[in-house]
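Letter by letter, the chains look like this.
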Amino acid sequence: MADYDVIVIGGGPAGYTAAIRCAQLGLRTACIDRWRRPDGAPALGGTCLNAGCIPSKALLDSSELYRLAREELAEHGVKVGEVRLDLRRMMARKEAVVRRLTDGIATLFAANGIEHLHGTGRLLSPRRVELAPAEGGEARALSCGHVILAPGSEPIELEVAPVDGERVVDSSGALAFASVPRRLGIIGAGVIGLELGSVWRRLGSEEVVLLEAQETFLPACDHRIAQEAFRLFTAQGLDIRLGARVTGTRTGRRQVTVRYEDGTGAHELRVDRLIVAVGRRPATEGIAAPECELVLDERGAVHVDELCRTSLPGVWAIGDAVRGPMLAHKGAEEGICVAEQIGAGRTEPVDLGRVPAVIYTHPEIAWVGATEQALKAEGVAYRVGTFPFAASGRAQALGQTAGLVKVLASAEDDTLLGVHVIGPWASELIAEAVLAMEFGGSSEDLARIVHAHPTLSEAVHEAAMSVERRAIHLFARRG
Ligand code: NAD
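A brief report on the enclosed structure follows. (Residues numbered from 1 in each chain as written. Predicted model: local features only at pLDDT ≥ 70, side-chain atom pairs only at ≥ 80, totals over all residues. Heavy atoms only, no water.)

1. Comments concerning the overall build of the protein
Looking only at helices and strands, one finds 13 helices and 21 strands in the protein. Taken against the 2.2 N^0.38 rule, which gives 23 Å for 479 residues, the C-alpha radius of gyration of the protein at 24 Å falls within 12% of a compact globule. For the protein, the C-alpha atoms occupy an extent of roughly 70 × 60 × 45 Å along the three principal directions. For the protein, contacts bridging at least 24 residues in sequence account for 63% of all contacts bridging at least 6. (Helix = DSSP H or I, 4+ residues; strand = E, 2+ residues; numbered from the N terminus. Rg over C-alpha atoms; globule rule 2.2 N^0.38 Å. Contact = heavy atoms within 4.5 Å.)

Here it is, written out as structure tokens:
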């Protein structure tokens, strides 16, 4: 008998979710993961829980509270004394949140009878995996019925800006600065650059300069939303320089000099710290012995079909290491999809066209489905409805009136094609749109559903009504 029914390599959101669902279905499951906490102990949860989504959200929430206390409480008639930052406490709280959640996964593993093998896993053949223990010692081969590869992703490095973990850091380093940098440089104005730039700007960085190679800001976002975001972030003090190609960096004892070129010539920027956030790549190096002949694509991602089957029988791959957006929730759904194929014979692919994307800035940005520019490029006939949060009673009460909701629906049959939100709690509001689209809903469906008053969700309702030019709280009917 094989050692296990399933071995999962990687214990991030994709891998640990796959392992739990496999165990729920009665499969003898092990999950190999090598992550170590700063104190050296093993930790599950991968980048998301340990050094990505969760610690960054803890800092985004804490820093936003600090900003609110300093800038907005007075407007609500709440007087507080001098507001001061205790960065050490904020970081300790972030660590505690991470610890609770990673320990929670370990508890779930124990409750489901999943073995966490601390070390590095490597595919030897479709039914054999090598485990190199993190504590050292000899590698051993394990046998199993199925292998699920979930090795995640790693930051892309820039030759012109090598990370030293001190002055020049990647996203992990930027979540653990011991003091607030007075001048902060960021290479890449993508998701990580904007989220981390927001954190440090709110905590007191006087200059936050984002150098972005592309001429278009947030090209994956709907243009109208990206335009609004650029305006709002600039007003918050993020200095976003587009079309900026970094050509070199020089790291001194106290500062980093960044050389870059844009349409107007060559420039130098001096900052105290520099964050490199130019994207992530699949962490597939060494995931399989060469003789397996596991097929990777040109980006180094494991090649899979819509059901996450690799080129080898009984070997599956999920999460950031395969095609599709690098998002924890997408990986987790793929984990469930694969576990249910193995353990229950269910073959329901994850619908990659309905994966919501969120940027946790303030205001937040969230969307699902197509952008207006993509529909134009594809020649799809569509109608647009928009609604500004400034016209929402709840947003006014909250004092968070920036942003809008934009709904795109088919001009032929009104099917929802895309929903885009920039505004308060966009990350939560988008769930309604995902549900509606997953059920093949129309803008009329959203418009005819009763939404509680006063809530932010009424903005989604009114944007859907505005597709037919019948939004109630808009006198200037916009399209
Ligand atoms: P990203 O792709 O969002 O942004 C990277 C940016 O860097 C791009 O705008 C790119 O044009 C720019 N860039 C690339 N090379 C450059 C160069 N040499 N000089 C200047 N700019 C350059 O990637 P990211 O922000 O690093 O995030 C990595 C991954 O992590 C993404 O896939 C993202 O989906 C995921 N992530 C998601 C969230 C979230 O869902 N909220 C948060 C953090 C990270």
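2. Observations concerning the sheet that holds strand β17 (residues 357-359)
Taken together, the five strands give an open sheet; going across it, the order is β17-β18-β21-β20-β19, and neighbouring strands pair in antiparallel fashion. Two strands close off the open sheet at either side, each with one partner strand: β17 and β19 (382-388). The average undirected angle you get between the axes of adjacent strands in this sheet is 10°. The pairing of strand β18 (residues 364-369) with strand β21 (residues 416-423) spans six bridges and is classified as antiparallel. Its bridge partner being in β21, V368 is matched across the sheet by V419. Sitting on the sheet, helix α11 (residues 426-438) is in contact with β17, β18 and β21, with an inclination near 10° to β18. (Pairing = 2+ DSSP bridges. Axes fitted to C-alpha atoms, helices over the stretch in contact; angles between N-to-C directions.)

3. Quick notes on the site of the ligand
Residues in close proximity to the ligand total 20 residues, the closest being I192, E212, Q214, G279 and V358. A213 places a polar main-chain atom, nitrogen or oxygen, 3.1 Å from a nitrogen atom of the ligand. One of the backbone N or O atoms of G279 is found 2.8 Å from an oxygen atom in the ligand. Contact with the protein chains covers 76% of the free accessible surface of the ligand, which is 840 Å². Here the element with the most residues in the shell around the ligand is helix α6 (residues 191-202); it accounts for three residues. Its residues assigned to classes, the shell around the ligand shows 13 nonpolar, four polar and three charged. (Near = heavy atom within 4 Å. Polar contact = N/O pair within 3.5 Å; in protein donor to acceptor, adjacent residues only side chain to side chain. Areas by Shrake-Rupley, 256 points an atom, 1.4 Å probe, with all protein chains shown as cover. Nonpolar A, V, L, I, M, F, W, Y, C, P; charged D, E, K, R; others polar.)

4. Some remarks on helix α1 (residues 13-24)
Taking 1.5 Å per residue as the helical rise, α1 with its 12 residues ought to reach 16 Å, and the 16 Å between its terminal C-alpha atoms agrees with that figure. Burial analysis of α1 places 11 of its 12 residues in the buried class, which makes it a mostly covered element. Of the residues making up α1, those classed as buried are P13, A14, G15, Y16, T17, A18, A19, I20, R21, C22 and A23. Where α1 is buried, its residues meet β1 (4-9), β2 (29-33), α2 (46-51), α4 (87-112), β5 (140-149) and α8 (328-344). Count one or two residues on from α1 and you reach G26, which has phi positive near 85°. (Expected span 1.5 Å × (residues − 1). Buried < 20%, exposed > 50% of the residue type's maximum accessible area, 1.4 Å probe, protein only.)

5. Some details on the sheet that holds strand β12 (residues 256-262)
Taken in spatial order, the three strands make up an open sheet running β11-β12-β13, and their pairing is antiparallel. Since the sheet does not close on itself, it has two edges, and those belong to β11 (245-251) and β13 (265-271), each with one partner. Each adjacent strand pair in this sheet contributes to an overall mean axis angle of 20°, direction not counted. Pairing geometry for β12 and β13, over seven bridges, is antiparallel. Within β13, the position partnered with V258 by the bridge is L269.

6. Digging into the pairing of β11
Relative to β12, β11 runs antiparallel, the two sharing six bridges. Considered in β12, the bridge of T251 is made with V256. Between β11 and the antiparallel strand that follows it, β12, lie four residues.

7. Here's the deal with the packing of aromatic side chains
Inspection of the entire model under this criterion finds three aromatic pairs. When the ring of F217 is compared with that of F230, the centres are 5.3 Å apart and the planes differ by 75°; the resulting orientation is edge-to-face. Of this pair, F217 sits in the loop between β9 (207-211) and α7 (223-235) while F230 sits in helix α7, and the two are 13 residues apart along the sequence. Residue classification places F217 among the buried positions, given a relative accessible area of 6%. (Phe/Tyr/Trp six-rings, centres within 6.5 Å; stacked < 30°, edge-to-face > 60°.)

8. Looking at unusual backbone geometry
P363 follows H362 through a cis peptide bond whose omega is 0°. Relative to the elements of secondary structure, P363 occurs in the loop between β17 and β18. With omega at -5°, the peptide bond leading from H453 into P454 counts as cis. Its place among the elements puts P454 in the loop between α12 (443-448) and α13 (458-466). Residues other than glycine seldom take positive phi values, yet L218 does so here, at roughly 45°. Counting through the fold element by element, L218 comes out in the loop between β9 and α7. The class for L218 is buried, based on a relative accessible area of 9%. One non-glycine residue with positive phi stands out, namely E293, at about 60°. Structurally, E293 is set in the loop between β15 (280-282) and β16 (315-317). The class for E293 is exposed, based on a relative accessible area of 64%.

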